[in-house]
Amino acid sequence: MERNIALRLMYNGTAYHGWQVQKNAISVAETLERALAATVGHPVKCTGAGRTDAGVHAETYVANFRTTCHIPLDKLPLAVNTRLPDDIVVVRATQVPDGFNAIGSCQKKEYTYRIYNSRLGNPFYVNRAWFYPKRLDEAVMARAAEQFVGTHDFRAVRSVGTETKTTVRTVYWFDVERDRDLISCRVCANGFLYNMVRAMVGTVIYAAEGKLAPEDIPAILDSGNRTLAGPTVPPGGLYMTKLWYEEDV
């Protein structure tokens, strides 16, 4: 009998060209599918919770696949992990209803962008946080971030890439917090456009630099003009941090 199995995993994305399988670049999905196929004894196709770009990390990620193999769910993560590189780890396997789909069933997602804000770099944050040597005022960043909360057309903060039916999304929160030299920007929404989080963070940094006022952001969103918002910040500081499903996965 075929089972639909959801995997919860985490990965360091530095070595990968994002989640989705690509013709000429190594991806997290392809690496996971190979390990799963070797574990369950047949080819496997994974559906992931969303696209993550090259160099982006996931503290939590969910993917589902179908299998006829009978390996007990508690043994499956260990079996797959022996066939995976050290930078991808499956932490849990759950049988889910047939209609479950890691992207379609996901109700909301949270990403966290980390900035190492210190005059001197830190080797332990290379590719894990964006090193930004100029002092940032996190209070201004937080004021700017608040402007994004709510239901808006987010065209002004997306890169041209995958076409979507609509560019309207709901952002539930966008919090900015500092812990010594590390600034964390947490964004939760019902869905994200291509590069949306990285462009939102770039816009919040522009506000901290005085290149725009936090109060300018609603007009920038209304304009739909990408060139009015801040730059797309580098991928190494971005993490998928939380996912919400009806099912306990």
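For the structure, see preceding data.
A. Structural detail: helix 1 (residues 28-40). Between its first and last C-alpha atoms helix 1 spans 18 Å; for 13 residues at 1.5 Å apiece the expected length is 18 Å, and the two agree. Where helix 1 is concerned, the buried positions are Val28, Ala29, Thr31, Leu32, Glu33, Ala35, Leu36, Thr39 and Val40. Packing partners of the buried residues in helix 1 comprise strand 1 (3-11), strand 3 (57-67), helix 2 (76-81) and strand 4 (88-95). In the segment just after helix 1, Gly41 is the residue with positive phi, at about 85 degrees.

B. Layout of helix 4 (residues 196-208). Here helix 4 is 13 residues long and its end C-alpha atoms lie 19 Å apart, about the 18 Å a rise of 1.5 Å per residue gives. Most of helix 4 sits out of view: 11 of its 13 residues are buried. Gly210 lies just past helix 4 and shows a positive phi near 80 degrees.

C. Representation of the nonpolar core within the structure. Ranked by size, the top nonpolar core spans 74 residues in total, and within it Leu7, Leu9, Trp19, Leu32, Ile115 and Phe174 carry the most contacts. It is helix 4 that provides the largest number of residues to this core, a total of 8 residues. For Ile115, the contacting residues outside a window of four places in its chain are Ala129, Trp130, Tyr132, Leu136, Met141, Asp181, Leu182, Ile183, Cys185, Val201 and Ile205.

D. Molecular detail of unusual backbone geometry. Positive phi outside glycine occurs at Asn127, with the angle close to 65 degrees. Along the chain, the position of Asn127 falls in the loop between strand 5 (108-116) and strand 6 (130-131). Of note in the backbone geometry, Arg180 takes a positive phi value of approximately 55 degrees without being a glycine. Of the residues examined, Arg180 reaches a relative accessible area of 69% and is grouped as exposed.

E. Structural detail: the packing of aromatic side chains. Evaluated as defined, the whole model comprises 8 aromatic pairs. Where Phe100 meets Tyr245, the ring centres are 5.3 Å apart and the plane angle is 45 degrees; that geometry is what we call tilted. One end of the pair, Phe100, is in the loop between strand 4 and strand 5; the other, Tyr245, is in the segment after strand 10 (238-244), with 145 residues separating them in the sequence. We classify Tyr245 as buried; its relative accessible area is 10%. Between Trp173 and Trp244 the ring centres are 5.8 Å apart and the planes differ by 80 degrees, which places this aromatic pair in the edge-to-face class.

F. Up close: the pairing of strand 10. Within strand 10, 5 of the 7 residues are buried, which leaves it mostly tucked inside the rest of the structure. Summarising the sheet, strand 3 and strand 10 pair through 2 bridges and their orientation is parallel. Paired with Ala58 across the strands is Met240, a residue of strand 10. In this sheet, strand 10 lies alongside strand 5 in antiparallel orientation, the contact comprising 6 bridges.

G. Spotlight on the layout of surface pockets. As a volume, the largest pocket reaches approximately 540 Å³. What lines the largest pocket is a set of 23 residues, among which Arg51, Lys109, Phe192, Leu193 and Tyr194 lie closest to the centre. The set of elements that each furnish at least two residues to the lining of the largest pocket consists of strand 5 and helix 4. When the residues that make up the lining of the largest pocket are grouped by side-chain class, the tally is 10 nonpolar, 7 polar and 6 charged.

H. Spatial organisation of the packing of helix 3 (residues 138-146) against helix 4. Where helix 3 contacts helix 4, the axes come no closer than 8 Å and their chain directions differ by 130 degrees. Judged on the interaxial angle alone, helix 4 and helix 3 are oblique. Classified by chirality, the crossing of helix 4 by helix 3 is right-handed. Here Val140, Met141, Ala144 and Ala145 of helix 3 lie close against helix 4, whose contacting residues are Val204, Ile205, Ala207 and Ala208.

Definitions and limits used
Residues numbered from 1 in each chain as written. Predicted model: local features only at pLDDT ≥ 70, side-chain atom pairs only at ≥ 80, totals over all residues. Heavy atoms only, no water. Helix = DSSP H or I, 4+ residues; strand = E, 2+ residues; numbered from the N terminus. Expected span 1.5 Å × (residues − 1). Buried < 20%, exposed > 50% of the residue type's maximum accessible area, 1.4 Å probe, protein only. Contact = heavy atoms within 4.5 Å. Core = buried A, V, L, I, M, F, W, Y, C linked by side-chain atoms within 4.5 Å. Phe/Tyr/Trp six-rings, centres within 6.5 Å; stacked < 30°, edge-to-face > 60°. Pairing = 2+ DSSP bridges. 1 Å grid on protein atoms, 1.4 Å probe; cavity = no way out; pocket = protein on both sides within 12 Å on 5 of 7 lines; lining within 4 Å. Points joined across faces, edges and corners; volume = space filled by probe spheres on them. Nonpolar A, V, L, I, M, F, W, Y, C, P; charged D, E, K, R; others polar. Axes fitted to C-alpha atoms, helices over the stretch in contact; angles between N-to-C directions. Parallel < 35°, antiparallel > 145°, perpendicular 65-115°, else oblique. Left-handed = near helix turned anticlockwise from the far one by under 90°.

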